[in-house]
Amino acid sequence: MEEKRNISVLIVGMAGSGKTHVVQRFLSHLSMKKKDFYSFNLDPACITTPYRCDVDIRDTIKYKEVMKDYGLGPNGGIMTSLNLFATKFSDLFEIVEEQSKITDYIVCDTPGQIEIFTWSASGTLISQTFSAATPTCIVYVLDVTRVCDPNTFVSNLLYACSILFRFRLPMILAVNKSDLKDPSFVMDWLSDVTVLLDKISEDSSYLASLSRSLGLMLDELYEYFITRTVNISAVTGAGMDELLEMLEKAKEEYTELEKEKIKERGAVEMDKFEADKAKEEGKKEEEDDREDDIVGGQSISHILGKGEKEEEDRKECHCECPCPCSHSCSCSHIHEKKEVVEEKEKDILGDGLALRCDRIA
Ligand SMILES: Nc1nc2c(ncn2[C@@H]2O[C@H](COP(=O)(O)OP(=O)(O)OP(=O)(O)O)[C@@H](O)[C@H]2O)c(=O)[nH]1
């Protein structure tokens, strides 16, 4: 069978933005286009999935039991369920890798509480598992009826920004519910920040002034999203072809990002290698300094073996090291101190002087 290099699509967004319905509409659009797909539901708290779900977190993890067993509230229950699921990431990797060879799209619905997926360790682990197995893109769903408020728009983009930096994967803004409100203002705000700031200025509250500052700060992010925003409707199916086109571009972007990551990893490895090498060389120099007896500018240890060197030390030693060793001898030979002195020597040296230099002995 021909191997397909497909794309995984992680659908994220604020609660109620329409993620589940977007997944349903997108999958039925894929069926219409005769594309193969594989789907995941990672929301343990959802009641039904209105689409064909191949892997459902609810089949393996009972969210209500998790709440009971661990004494958690609803959010803690969802987070712990996702953590438990993430412990099986090697199985997840196998599934995604296998499916990437036989399907065109892998689509994954995520929990309603965005922060559970975006801030928990399991969210990162799961997204990394997907992106390690296949090109992966994040579709950030916005509810157009909510983001028409400029403050909500800015806070949504802040979330998008943090996801972008955290996951380092291509991202598409999908402005959903376009059947309820004309979403053209989103593009106006993204392409000209002054239009957004003017809109924010209509409100004189403290929140508006904060949004104004944030709005200015996120200028670069707007630029990024200008070419990555699509207006859709999960109800009418509008914008699904455009979404497919954008995913194709995201696949290319993913490849570029991966190359960058590999380059960065390469640079880090290179730095580590250089540091290790420098450390190794430093150690060697230190050892050489300690070991080498320079005789006539030549290192003895390079000429002789250790045993021979010691022998040589004895022969070459011309220092007038008095016995008992005075500790002030500056020659590099090893002077061992011994407290046991033979009776004979005691006689010679006298009682109080119980040290002797071994070499001379
Ligand atoms: N008019 C309209 N309603 C929509 C659209 N998409 C979703 N909805 C409605 O929005 C509500 C929330 O949709 P969901 O798909 O459950 O949203 P969700 O983001 O998955 O919700 P959570 O997972 O609970 O956060 C539902 O009542 C949907 O019928 C759309 O494109 N147009």
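The structure under discussion appears in the preceding block.
Residues numbered from 1 in each chain as written. Predicted model: local features only at pLDDT ≥ 70, side-chain atom pairs only at ≥ 80, totals over all residues. Heavy atoms only, no water.

Turning next to the overall build of the protein. Across its full length, the protein holds 17 helices and 9 strands. Classification of the 361 residues of the protein by burial places 42% in the buried group. If you take every contact in the protein between residues at least 6 apart in sequence, the share linking residues at least 24 apart comes to 73%. For the protein, the computed accessible surface area is about 20200 Å², with 52% contributed by carbon and sulfur atoms. (Helix = DSSP H or I, 4+ residues; strand = E, 2+ residues; numbered from the N terminus. Buried < 20%, exposed > 50% of the residue type's maximum accessible area, 1.4 Å probe, protein only. Contact = heavy atoms within 4.5 Å. Areas by Shrake-Rupley, 256 points an atom, 1.4 Å probe, with all protein chains shown as cover.)

Glancing now at the sheet that holds strand S1 (residues 7-13). What the 7 strands build is an open sheet, ordered S3-S2-S4-S1-S5-S6-S7; its pairing is parallel. Looking at strand neighbours, the two that pair on one side only are strand S3 (55-56) and strand S7 (229-231), the edges of this open sheet. In terms of strand pairing, strand S6 (residues 171-176) meets S7 through 3 bridges, oriented parallel. Along S7, the bridge assignment pairs Val175 with Asn231. Across the sheet, helix H1 (residues 19-32) lies against S1, strand S2 (37-41), strand S4 (105-109), strand S5 (136-143) and S6, angled at about 165° from S4, the strand it touches most. Its contacts with the sheet put helix H5 (residues 89-102) on S1, S2 and S4, and the angle it makes with S2 is roughly 155°. (Pairing = 2+ DSSP bridges. Axes fitted to C-alpha atoms, helices over the stretch in contact; angles between N-to-C directions.)

Following the criterion strictly, the structure yields 6 aromatic pairs and no others. With centroids separated by 5.6 Å and ring planes inclined at 70°, the aromatic side chains of Tyr38 and Phe40 adopt a geometry described as edge-to-face. Geometry around Tyr224 places Arg228 over its ring, the cationic atom sitting 3.8 Å from the centre. (Phe/Tyr/Trp six-rings, centres within 6.5 Å; stacked < 30°, edge-to-face > 60°. Lys NZ or Arg CZ within 6 Å of the ring centre and 35° of its normal.)

The next subject is the layout of surface pockets. In this structure, the second largest pocket occupies an estimated 270 Å³ of space. Contributions of two or more residues to the lining of the second largest pocket are made by helix H9 (150-167), helix H13 (219-226) and helix H14 (240-291). Residue composition of the lining of the second largest pocket, by class: 7 nonpolar, no polar and 4 charged. (1 Å grid on protein atoms, 1.4 Å probe; cavity = no way out; pocket = protein on both sides within 12 Å on 5 of 7 lines; lining within 4 Å. Points joined across faces, edges and corners; volume = space filled by probe spheres on them. Nonpolar A, V, L, I, M, F, W, Y, C, P; charged D, E, K, R; others polar.)

Right, let's talk about H1 for a bit. Relative to the 20 Å expected for 14 residues at 1.5 Å per residue, H1 spans 20 Å between its end C-alpha atoms, a close match to the ideal helical length. Turning to H1, its buried residues number three or more, namely Lys19, Val22, Val23, Phe26, Leu27, His29 and Leu30. One side of H1 carries all its buried residues, which in axial view fall inside an arc of 160°. Within two residues after H1, Lys34 carries a phi angle of roughly 60°, on the positive side. (Expected span 1.5 Å × (residues − 1). Arc of directions from axis to C-beta.)

As a structural note, the neighbourhood of the ligand is formed by 17 residues, with Lys19, Thr20, His21, Asp179 and Ala234 the closest of them. Asn176 places a polar side-chain atom, nitrogen or oxygen, 3.1 Å from an oxygen atom of the ligand. For the ligand, whose free accessible area comes to 640 Å², the fraction covered by protein is 70%. Per-element accounting of the shell around the ligand gives the leading share, 3 residues, to H1. (Near = heavy atom within 4 Å. Polar contact = N/O pair within 3.5 Å; in protein donor to acceptor, adjacent residues only side chain to side chain.)

Attention now goes to the side chain of His29. Structurally, His29 is set in helix H1. For His29, a relative accessible area of 9% corresponds to the buried category. Dropping the residues within four chain positions of it, His29 is found in contact with Met240, Asp241 and Leu244.

Our focus in this paragraph is the pattern of salt bridges. Summed over all chains, the structure comprises 7 salt bridges. As a salt-bridge pair, Lys33 and Asp241 come within 3.2 Å of each other at their nearest N and O atoms. With a gap of 208 residues between them, Lys33 in the loop between H1 and S2 and Asp241 in helix H14 connect regions that are remote in the sequence. Of the residues examined, Lys33 reaches a relative accessible area of 38% and is grouped as partly exposed. Residue Asp143 pairs with Lys177 through a salt bridge whose shortest N-O separation is 3.0 Å. Residue Asp143 is located in strand S5, and its partner Lys177 is located in the loop between S6 and helix H10 (184-191); the two are separated by 34 residues in the primary sequence. (Salt bridge = Lys/Arg side-chain N within 4 Å of Asp/Glu carboxyl O.)

In this section: unusual backbone geometry. Unusually for a residue other than glycine, Lys34 sits at a positive phi of about 60°. Within the fold, Lys34 resides in the loop between H1 and S2. In this structure, Lys177 is a non-glycine residue whose phi angle is positive, near 70°.

For the coordinates displayed, the defined rule picks out 0 disulfides. Summary of cysteine pairing: Cys108 is not part of a disulfide, and the nearest cysteine sulfur, belonging to Cys53, is at 9.1 Å. (Disulfide = S-S within 2.5 Å.)

Among the surface-exposed residues, Asp276, Glu280, Glu281, Glu285 and Glu287 lie close enough to one another that they form a single negatively charged patch. Structurally, the position occupied by Glu280 is in helix H14. (Patch = residues over 30% accessible without salt bridge, like charges linked within 9 Å, V, L, I, M, F, W, Y side chains within 5 Å. Lys, Arg positive; Asp, Glu negative; His and termini not counted. Charge placed at Lys NZ, Arg CZ, Asp CG, Glu CD.)

To continue, consider H9. Helix length check: H9, at 18 residues, gives a terminal C-alpha distance of 25 Å against a target of 26 Å (1.5 Å per residue), a fit within 8%. For H9, every residue scored as buried is listed here: Pro150, Asn151, Phe153, Val154, Asn156, Leu157, Ala160, Cys161, Ile163, Leu164 and Phe167. Just downstream of H9 lies Arg168, where phi reads positive at about 50°.

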